[in-house]
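Spelled out, the chains give:
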Amino acid sequence: MSLRAWRASVHKEFLLLLHDWHALLLLFVMPLAFLVIMSLAMQDEFAQRAGQKLTVAVIDHDDTPASRAFVAAIATSETVAVRNASGDGSVKQQMHDAGDAFGIEIKKGYERALPQAAAPVSERIVLFVAPDTTRQTELIFAGTLREILARERLTAILGPLAVLSRGGAGGFDAANSQPAIEYTYEAKNGAQAPSAVQQNVPAWLVFGTFFVVIPLSNTLIRERQQGTLKRLRTMPVGQGTLLLGKLAPYFFVNIVQVVLMMAAGVWLVPALGGEALQLHGSMLALAIVCATLSVAALGYALLISAITRTTEQASLLGGAGNLILAAIGGIMVPKFVMPEAMQQMTNASPMAWGLQGFLDVLLRGGGPGEVLPEAAALLTFGVATLAIAWALLKRAVG
Amino acid sequence: MTQPLSTASPAQAVPAISARALGYRYADAAAPALEDVSFTVPAAEIFGLLGPNGAGKSTLLGLLSGSLDAQDGEITIAGEKLTKRTRHIKSLSAVVPQEYAFYESLTGRQNLDYFGSIFGLSRAERAARCERAIEICRLEQHLNRRAGQYSGGLKRRLNLAIGLLNAPKILYLDEPTVGIDAESRRFIMDAVLGLKALGTTIVYTSHYMEEVEELCDSVAVIDQGRLVLQERMGNLLRREGGQSLQFTLHEPDASLAALLAPFGATHVDYRTWTVIVPSARMPEVLSLLQRHGATFDRLQYGVSRLEKIYLDLLLRGAPQPEALA
């Protein structure tokens, strides 16, 4: 291989890329925009999924053993955290200021009304719902409150037999009645569900790397259409040298994309009010995932270049192909919210392998051994597509 | 003083190109693109390669330049057999394709620098070769503009300049003047003649017969993958000329149509006329034209035009060997 010719090809590809502002926007700005927007927009959704509790502001005007028992019963729930609000001022205002999902006001006379059928105790409890609390959450929480209230009422009526209803040995124990929950996606290594930024940084990063298909295919197709490739074939330079000279700059672009996206997750997203990306795990493992992901993206890009004849066809096929790979690969919709059958389908997308590799490192602190299956799959896909594309291009150019 | 691009001597005995029984068939094609094609191109001459679209010219250029591998036959370049392993032979030649085979988003200089590097030239060599090619193609004023902003003529000149970077001994020019204005065309033709004078062998394809007629020392015609003619240009024009009187007037004159009608005159734009006249009646015709007040830019008798020969050849098929003898 002629090093001089290779260096010239690399230099030429960089110049072509630098002159192509559309491609640069597509490669860097588009995934960055997705990353930031989705990380910020979905952080509440991911926070709930990740086990963060909803806060409930409670104002207890009754302040009796019964009202305190009611509040304590609410606090035993795994899904809510009780915040004792100040008795002064409206509950609504305090909820708004603190960002609570619910507010509960216990009026005076709660304890007295509890055992009486004539004065419904429900009139002594007011539930406030924040405007951004979903209807589904509201219904679940209201149902929980009804259940607690019924139990407290039963306790007040039965008196000494309270042990049957409020727990204790052989009694009704909410914690013991809780069914076991298994997260099919996040159960590995007992790790937690990803936060919005932990999901979105690697997801949109993987998505962005595959968009090298647009500039790479466009330059290659133009070279074919304008006879430049044929001219190069008549020159004393190997096709392998030319191909490596073409791919190397895009490999570098992929690495820069990864670094920029990670940096955006660490610094930009928190600066805009989101959660910061925590870089766990082995840097070597991260480098392995990056490198093999790039090989897969380049193979895909070269294959699209080889099977299309015009830049329009390549842009359409490459772009649409990326969207489909992203949709089934858990980029747009996180894998763990998909039904089981769809989760199985994600394994068909190389984007899913890349995402899984990043999550293994960033979320679960994995090392090179943990990312080996995904890296091997990406490398195999990349080498296979490169080989097919190489054969097709040789045939097309002569 | 600038150095010549090539040092080949016009008097060299070894032909620049020798092709013997070449054959090539594309995959899935019903008929071969080339079949049993043999010819030689003397060194430091311009060799015209003619033929209708799809005749096999591009395939032949591909085989000669090494971008295609011959399936049958043998090619010898400067006395050395061309095979897959003789990549260095590619260093002796260059192809200037019909397409603008360069990068339009790069400047002229960036293009020259890139293609110069592909030839494996050192920085100093590259700089010297680039300057020489720039000088020949007169691109000095345009080097820092993007090639996509060039006019058609400038693009042709850049296309040619790239082909000169390796100082080729053999230059393949595939329709180098298509789609450009008369001035740029003249410039390219003069540059081609200049390269020949420096000893470069040129294989020239074009659909413009007057160009081929003016530039080429010998000509070959390919039709349906077979070589139907190869001959020295002068011999061909004289032999096929017969009783043809051709002249080009200084100014177009439509009134000549009636005057020359008895001689079956044909014309191009009432300026270039062809008349079939037996030699015995030549004085009569010349006298007629003189009385009419015709003034000539060019006048020749017994010499045919290449275009006529070419069209006749394609219409009636390949001439019999005895007819060409």
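## A word on the overall build of chain A
Each helix and strand counted, chain A has 17 helices and 4 strands in total. In chain A, 78% of the contacts between residues at least 6 apart in sequence involve partners at least 24 apart. Summing over all exposed atoms, chain A offers an accessible surface of approximately 18,700 Å²; the carbon and sulfur share of this is 63%.

## Section: the pattern of salt bridges
Inspection of the entire model under this criterion finds 24 salt bridges over all chains. For A:Glu13, the salt bridge is made with A:Lys12, and the minimal N-O distance between the two is 2.8 Å. Of the charged contacts in the structure, one is a salt bridge between B:Asp217 and B:Lys196, with a shortest N-O distance of 3.0 Å. With a gap of 21 residues between them, B:Asp217 in the loop between helix 6 (209–215) and strand 9 (218–223) and B:Lys196 in helix 5 (residues 182–197) connect regions that are remote in the sequence.

## What about helix 9 (residues 196–210) of chain A?
If you check helix 9 of chain A, its first and last C-alpha atoms are 21 Å apart, about what 15 residues at 1.5 Å a residue would give, namely 21 Å. Judged by how many residues are buried, helix 9 of chain A sits mostly within the fold: 15 of 15 residues are covered.

## Describing the domain arrangement of chain B
For chain B, the domain assignment lists domain 1 (17–236) and domain 2 (242–302). One C-alpha centre belongs to domain 1 of chain B, the other to domain 2 of chain B, and the line joining them spans 38 Å.

## Notes on the sheet that holds strand 4 (residues 72–77) of chain B
Strands pair in a sheet through their backbones, by hydrogen bonds, and they do so in one of two ways: parallel or antiparallel. Residues and elements named next belong to chain B. As summarised here, the arrangement of the 4 strands in space is 2-1-4-5, forming an open sheet in which the pairing is antiparallel. Whereas interior strands pair on both sides, the edge strands pair on one side only; in this sheet they are strand 2 (34–41) and strand 5 (80–81). Inspection of the sheet shows strand 4 paired to strand 5 by 2 bridges, in the antiparallel sense. Bridge pairing in strand 5 links Ile 77 to Glu 80.

## A short note on the side chain of A:Glu105
Residues and elements named next belong to chain A. Along the polypeptide, Glu 105 turns up in strand 3 (residues 102–106). Notably, Glu 105 is buried but unbridged: the nearest opposite-charge side chain belongs to Lys 107, and the N-O separation is 5.9 Å. A distance of 3.1 Å separates a polar atom in the side chain of Glu 105 from a polar atom in the side chain of His 61. Leaving out residues up to four positions away in the same chain, Glu 105 has contacts with Ile 59, His 61, Val 91, Arg 124, Ile 125, Val 126 and Phe 128.

## What to know about helix 4 (residues 152–163) of chain B
When the terminal C-alpha atoms of helix 4 of chain B are compared, their 17 Å separation across 12 residues agrees well with the 16 Å that a helix rising 1.5 Å per residue should span. The element helix 4 of chain B is extensively covered by neighbouring structure, given that 11 of its 12 residues are classed as buried. For helix 4 of chain B, the elements touching its buried residues are helix 11 (228–233) of chain A together with strand 6 (93–96), helix 2 (108–118), helix 3 (123–137), strand 7 (170–174) and helix 5 of chain B.

## As for unusual backbone geometry
Residues and elements named next belong to chain B. For Ala 78, which is not a glycine, the phi torsion comes out positive at approximately 50°. Mapped onto the fold, Ala 78 is located in the loop between strand 4 and strand 5. For Ala 167, which is not glycine, the phi dihedral falls at a positive 45°. Here Ala 167 is to be found in the loop between helix 4 and strand 7.

## Here's the deal with the interface of chain A and chain B
On the chain B side, the residues contacting the 25 residues of chain A number 33 residues. Surface buried jointly by chain A and chain B totals about 2,500 Å² across both partners, of which 60% is contributed by carbon and sulfur atoms. For chain A, the biggest contributors to the area lost against chain B are A:Arg231, A:Thr234 and A:Pro236; these three give 28% of the whole. Applying the counting rule to chain A against chain B returns 1 salt bridge.

## Focus on the environment of A:His61
Residue and element names in this part refer to chain A. Tracing the backbone through its elements, the reader meets His 61 in the loop between strand 1 (54–60) and helix 4 (65–75). The partly exposed category is assigned to His 61, whose relative accessible area is 30%. With 48 residues separating them along the chain, His 61 and Gly 109 place their C-alpha atoms 8.7 Å apart.

## A look at the packing of helix 10 (residues 213–225) of chain A against helix 13 (residues 283–307) of chain A
Residue and element names in this part refer to chain A. Their axes nearest at 9 Å, the elements helix 10 and helix 13 cross at an angle of 35°. You can see that helix 10 and helix 13 cross each other, and the crossing is right-handed. Seen from helix 10, the contacting residues are Val 213, Leu 216, Ser 217, Leu 220, Ile 221 and Arg 224; seen from helix 13, they are Leu 298, Tyr 300, Ala 301, Leu 302, Ile 304, Ser 305 and Ala 306. Among the residues making up the contact of helix 10 with helix 13, the classes are represented as 10 nonpolar, 2 polar and 1 charged.

## Observations concerning the pairing of strand 1 (residues 17–24) of chain B
Residues and elements named next belong to chain B. Direction of pairing for strand 1 relative to strand 4: antiparallel, over a ladder of 5 bridges. Residue pairing for strand 4: Arg 20 is matched across the bridge by Glu 74. Two elements, strand 1 and strand 2, share 5 bridges in a ladder whose sense is antiparallel. Bridging from a neighbouring strand, Ser 18 pairs with Thr 40 of strand 2.

## Re the packing of aromatic side chains
Within a pair of aromatic rings, the relevant descriptors are the distance that separates the centres and the angle that separates the planes. Considering all chains together, one arrives at 17 aromatic pairs over all chains under this definition. Ring geometry for A:Phe210 against A:Tyr300: centres 5.7 Å apart, planes inclined by 55°, an arrangement best described as tilted. A residue pair is termed long-range when its members are at least 10 positions apart, and A:Phe210 in helix 9 and A:Tyr300 in helix 13 qualify at 90 residues. Both residues of the pair, A:Phe210 and A:Tyr300, belong to the buried class. Arranged with centres 5.0 Å apart and planes meeting at 65°, the rings of B:Tyr114 and B:Phe115 form a pair that is edge-to-face. The same class applies to B:Tyr114 as to B:Phe115, namely buried.

## Points about the sheet that holds strand 11 (residues 244–249) of chain B
Residue and element names in this part refer to chain B. With respect to topology, 4 strands assemble into an open sheet ordered 12-13-11-14, the strand pairing being antiparallel. If you trace the sheet from one side to the other, it starts and ends with strand 12 (266–268) and strand 14 (296–301), each paired once. Each neighbouring strand pair of the sheet contributes to a mean axis angle of 15°, computed without reference to strand direction. Relative to strand 14, strand 11 is paired through 5 bridges, and the arrangement is antiparallel. The partner of Leu 249 across the bridge, within strand 14, is Phe 296.

## Some thoughts on the nonpolar core
Core analysis: the biggest nonpolar cluster contains 129 residues, and A:Phe358 and B:Tyr204 have the highest contact counts within it. The greatest single-element share of this core, amounting to 14 residues, is contributed by helix 13 of chain A. If you look at the next biggest cluster of nonpolar residues, it comprises 28 residues, including B:Leu34, B:Phe47, B:Ala55 and B:Ile77.

## Quick word on a nonpolar patch on the surface
All names here are of chain A. Taken together, Ile 307, Leu 317, Ile 388 and Leu 392 make up a surface patch of nonpolar side chains, about 320 Å² in accessible area. Along the polypeptide, Leu 392 turns up in helix 17 (residues 368–397). When its relative accessible area of 32% is taken as the criterion, Leu 392 is described as partly exposed.

Rules used throughout
Residues numbered from 1 in each chain as written. Chains lettered and ligands numbered in written order. Predicted model: local features only at pLDDT ≥ 70, side-chain atom pairs only at ≥ 80, totals over all residues. Heavy atoms only, no water. Helix = DSSP H or I, 4+ residues; strand = E, 2+ residues; numbered from the N terminus. Contact = heavy atoms within 4.5 Å. Areas by Shrake-Rupley, 256 points an atom, 1.4 Å probe, with all protein chains shown as cover. Salt bridge = Lys/Arg side-chain N within 4 Å of Asp/Glu carboxyl O. Expected span 1.5 Å × (residues − 1). Buried < 20%, exposed > 50% of the residue type's maximum accessible area, 1.4 Å probe, protein only. Domains from an automatic or database assignment. Pairing = 2+ DSSP bridges. Lys, Arg positive; Asp, Glu negative; His and termini not counted. Polar contact = N/O pair within 3.5 Å; in protein donor to acceptor, adjacent residues only side chain to side chain. Buried area = accessible area lost by both parts, 1.4 Å probe. Axes fitted to C-alpha atoms, helices over the stretch in contact; angles between N-to-C directions. Left-handed = near helix turned anticlockwise from the far one by under 90°. Nonpolar A, V, L, I, M, F, W, Y, C, P; charged D, E, K, R; others polar. Phe/Tyr/Trp six-rings, centres within 6.5 Å; stacked < 30°, edge-to-face > 60°. Core = buried A, V, L, I, M, F, W, Y, C linked by side-chain atoms within 4.5 Å. Patch = residues over 30% accessible without salt bridge, like charges linked within 9 Å, V, L, I, M, F, W, Y side chains within 5 Å.

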